[in-house]
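# A look at the structure
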Amino acid sequence: MRPHFDPGFLAGLVFASLVAFFLVGPVILSVLAGVTANYQRGILESGITLAWLGRVFELYAPTIALSLGIALATLVATLLLGVPVAYALAKAPGRLARLAEEALVMPVAIPGIATGLALILAWGAVGEFRTHWTFILVGHVLFTLPFMVRSTLAVILAAKLPALEEAARSLGAGFLARFVTIVLPNASPGILAGSLMVVTLSLGEFNMTLLLHTPFTMTLPVGLADSYASMRLEIGSAYTLVFLVLLIPLLVALQWAADRATGAPRRP
Amino acid sequence: MGNDRLALAALVAPAIAFLIAFFVFPLLMMARTGASGPDGLATYLTILVDARYLASLGKTVLLAGTVTLTTLAIAGVAGVFLARHRFPGRRVLTAFLTLPLAFPGVVVGFMVILLAGRQGVVGTIAEALTGERLVFAYSLAGLFVGYLYFSIPRTVLTVMAAAEKLDPALEEGARSLGAGRWRVVRDVVLPGLEGALLAAGAICFATAMGAFGTAFTLATQIDVLPMVIYAEFTVGANIAVAAALSFVLGAITWAVLAIARTAAGANVAAAG
Amino acid sequence: MTTPIRLQACGFTHADGTCALQPTDLSVEAGETLALLGPSGCGKTTLLRLVAGLARPDPGGCVLFDGRDVTDLPVERRNVGMVFQSYALFPNLDVAGNVGYGLKIRRVPPGERAARVARMLAMMRIQELAHRRVDQLSGGQKQRVALARALAVEPAVLLLDEPLTALDAKLREQLRVELAGLLRSLRITAIFVTHDQGEALALGDRVAVMRAGRIEQVGSPHEIYHRPRTRFVASFVGILNLLEGEVADGLFRLPGGSLPASGVAPGPAVLACRPEQLRLDPSGTLAGRIAAAFFLGDRTRLVVEGAAAQPIVVETVAAAPRPGEVVRLAAEPGCPWPLPPA
C-alpha cells in the first residue's frame, strides 16, 4: 500500500477519472435527455417529463418484446448446443478437440456484417425462413455460442472435472448420474456467466441483425438506429434509456457471475 | 475407450451440424457469390485495384490501427493504475470505466452524437469559449471517438486481469536492484503485460475493422469497409462485390486474431 | 471384503503409440497390501488405473478379481474404492455428501445410508466435519474424507494413488501410521502407488518396484531392501554406496585401505554397501576423512572422503566426529556385496 499523495498516484487517479468521465458522461447525458421535455432548451428550463418514454413504448414496444424473446430463445439454444460441447472439449484434450474449439470460435472472429450477408446468400431464399424471427435467432446463436462454450469450458477445466468424474465413476456412478450430480453442479458458475453473456450480447446485437431483419422482425438495437435516424433526440434518448435499464442489470450480474466463476477474490 | 469417444462425438455433433449448416455453408456460398458477378473471380482482384475500394480498405485499416494504439495506451495506463492501487472509490471508478462494456455500436454512435453532434456538449462548450460551434461527430473523427469509447472498457478489464497476475516480487526485485519507476515499467511491467496487450490489441483491431453500428448511426458518408459493403448490398444491389468485400474483411479480421493468438498463446476473439 | 487380484499380460499403450506399461503379470493376495514403487513415469499409476478399470489393457491383457475376468467391466461396475492423489472430493457436496455419494448411487435407503456415513466418519475420527464444505478442510482432513468415501461402499479392493504425497512431512508420518493400522484391521486387498520408498517399505506387505513400464522386482520390504535383484532396485530403495576397487586374496582393495570380500571373484569389481552396514571403528581397515556431517536427531549421517573413489555415506548413533577428522571404518559381515546385474 503506497501513500496516496504520491504524485504518480495522483496523476494516475486524475487520468483514470478523466477516462471514466469520457465513458460515463454521455450515458448520463443520454439518460437526462430521455426525460427532458426539450433538450434544446435544457432540463432546468423545460422540466422533466415521462412523455418521451411513453412515445417509445407506443412506437417500439414490439421491438423490445421481440428482442427479449430472441435473447431467451438464443439462451436456450446455446445451452442445449454449447454445454455438451464444453463438456466434450474438456474431456477430449487432443488435436481434434482443439480443432473443433477453433472452428466453434470462428464466427466471433468474423465481422457480423459478413456473417449476416453469408446467411442471407445461403438461406435467404428458402421458404418463409427469411421473414421469420428464427432467421435472426440463427445469427444470434452463431455469434453467442462461442461465449457459452468458452465460459463453461473454463470453469470445467478449473474445477478439474475429469478427476471428479473419475472419482464418481469409481464410486459406481454411470454417465447420466455423473452428469446430473457432479458435472452440472460444478460447471454451473461457468454456465451462469455464459448465460448472462449470451443474453447481453443477443439483446445488443446489431451488426448482423441489421442485415438479417425485415420490417416484421425489427429488434431493439435496429429500432434504436431507426429512432436515432428519424426521431427527435429526446425519443432516441428515451429509447436508449429503456435499453440501458435492460442492459445494465445484466452487466452487473455478469461481472458478479464472472468473478464467481473464476473464483477471483472480491476486490476491496 | 472407443465408446467414450463415440459419446463425446455425439455431444459435439449438434453444434457442429449447426455450424456447418449456418456458418461454413453460408461462407462457401458467399465466396461463390463473390465470384459470380460480371467479372467472375476477378471481382476479388477488383477490390485491390479499384481506387474506391482500395481507399476504403486503407482508411479502415488506418482507423482501426490508430484506435488500437490509442486504446492500448489509455487502457494500459488506467488498467495498471487500477490494478496496482487500493483506495476508497476504486470500485466505483472501475465500474465507471467498464460500464459501456457490451454497449452495441449503435448506442455508442448515439453517445458520440450527444458528445460532438449538432446538439452535443462539446459544441456547446466550444461555442461558449470561441464563439464557434465544434461538430465532428459525423466524420472519421467521430468514428474514432466512438471506437475508443467502445474499446476502452474491455481493454481495461484485460489489462487489469493481467496486471493483477503479475508477480509483485518481480517489481520489488527490480526496485531492490536500483531500477527507477520508468525502468521498472519498461523492464518488468510491459514485458509482463505483453501477452495481454497483444491479445487485447488484436481484438480491438478486428472489432474496429468490422464494427458497423457506430458508423451506421453517425453517417452514411463515412466509407469504412463495412459501410461500403452495406451500401453495395442494399443501395447498389451489387451483391457480388458485397460478398467479395465481406469475404476479404472476414479473412483480415480472422487472420489478425489468429496471428495474435499464436503469438500470445491466449484465447483471443473479437465481439463485433 | 477379501478379494485376490490377478493381472495377466496387462500392457498399456497410449493413443499416440507410447508404451506406458509393458505386458505385466502380477498377483495380489486376498487381504494383502501391495505397494507399487517407482520414479515418476515408470507406469505405476497406469497399472493402478488398469486394476481400477479407469483404463483398459492392450488386447491380450486380462484383469481377474477373485478369479473372475473383469477386464470388460468399466470402473463403475468393479466395486473398487479409490483414493486419488489430489483426493478429487466433490466441491458441490459437503463431507457427509461425499462419503455417502457411492451409497446414494447404489440406492441405499437414506436411513441406512446416514448410519453408514456416520460409521465411516467415526472410523476416520472426523464426525465433527460431517457438514463442512470440502474447501474448508485441511490436507489431512481431506485425506480422511477421501478414504472414508472410498471405504463406505465396502469395495472389493482399495486403490490408493499417492495417498500421502499432498501432505506435509509431519502429517504424512502420522497418517502413514493410521493408514497402516486401518489396512491391517480391515484386511482389505489394497494396492497403493507411491514414489516414496519409506512409505512403500512401511506400508506394503509386498513391494513391486517399477521402472520404465515394467516391474523390476516384487518381494517383501525386507527382500527388496536387502536382496535387490537388479542394480536399479538396489539404488532406488535406500541409500547405496557403490565402491570401485579390486579384489585380491579375499580382500577388496580401495584407495583408503581394504574391506573383507569373501566369495567374490578376483579382479576389478564394483561392490555395494548400505550406510548402516558400515561403522566407525578405530581398528577398522579402511580410512577416510569426514567431509560433512548431518545431524538427523536419532543418528548422524557422515560423508567420508578418500576411502573410496566416490564419497561414502555412513551413519552413526554415537557422538559424531567433526568434518576434517580422519576416521576408520569397518564393515558388517556379508558387506560389501556384489551388485546384481544392471
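Residues numbered from 1 in each chain as written. Chains lettered and ligands numbered in written order. Predicted model: local features only at pLDDT ≥ 70, side-chain atom pairs only at ≥ 80, totals over all residues. Heavy atoms only, no water.

On to the overall build of chain C. A tally of regular secondary structure across chain C gives eight helices and 20 strands. Dimensions of chain C, computed from the C-alpha atoms along their principal axes, are close to 75 × 45 × 35 Å. The buried share of chain C, taken over its 342 residues, is 51%. When contacts within chain C are restricted to residue pairs at least 6 apart in sequence, those whose partners lie at least 24 apart make up 64%. Put simply, chain C shows about 15,400 Å² of open surface, and 52% of that area lies on carbon and sulfur atoms. Each charge class in chain C can be summarised by its mean position, and for the 38 positive and 34 negative side chains these summaries are 5 Å apart. (Helix = DSSP H or I, 4+ residues; strand = E, 2+ residues; numbered from the N terminus. Buried < 20%, exposed > 50% of the residue type's maximum accessible area, 1.4 Å probe, protein only. Contact = heavy atoms within 4.5 Å. Areas by Shrake-Rupley, 256 points an atom, 1.4 Å probe, with all protein chains shown as cover. Lys, Arg positive; Asp, Glu negative; His and termini not counted. Charge placed at Lys NZ, Arg CZ, Asp CG, Glu CD.)

Residues and elements named next belong to chain C. Going from Cys335 to Pro336, the amide bond is cis rather than trans, its omega being -5 degrees. With respect to the helices, strands and loops of the structure, Pro336 is situated in the loop between β19 (326-331) and β20 (337-338). Even without being a glycine, Asn79 presents a positive backbone phi close to 55 degrees. At Glu154, a position not held by glycine, the phi torsion is positive, near 50 degrees. The topology assignment puts Glu154 in the loop between α4 (139-152) and β7 (157-161). Given a relative accessible area of 41%, Glu154 falls into the partly exposed group.

Listed as interface residues are 17 residues of chain A and, on the opposing side, 20 residues of chain C. Where chain A abuts chain C, roughly 1,600 Å² becomes buried across the two surfaces, and 61% of that area is made up of carbon and sulfur atoms. Looking at the side of chain A facing chain C, the largest losses of area belong to A:Arg169, A:Ser170 and A:Leu171, adding up to 40% of the total buried there. Taken together, the links from chain A to chain C amount to three salt bridges. (Buried area = accessible area lost by both parts, 1.4 Å probe. Salt bridge = Lys/Arg side-chain N within 4 Å of Asp/Glu carboxyl O.)

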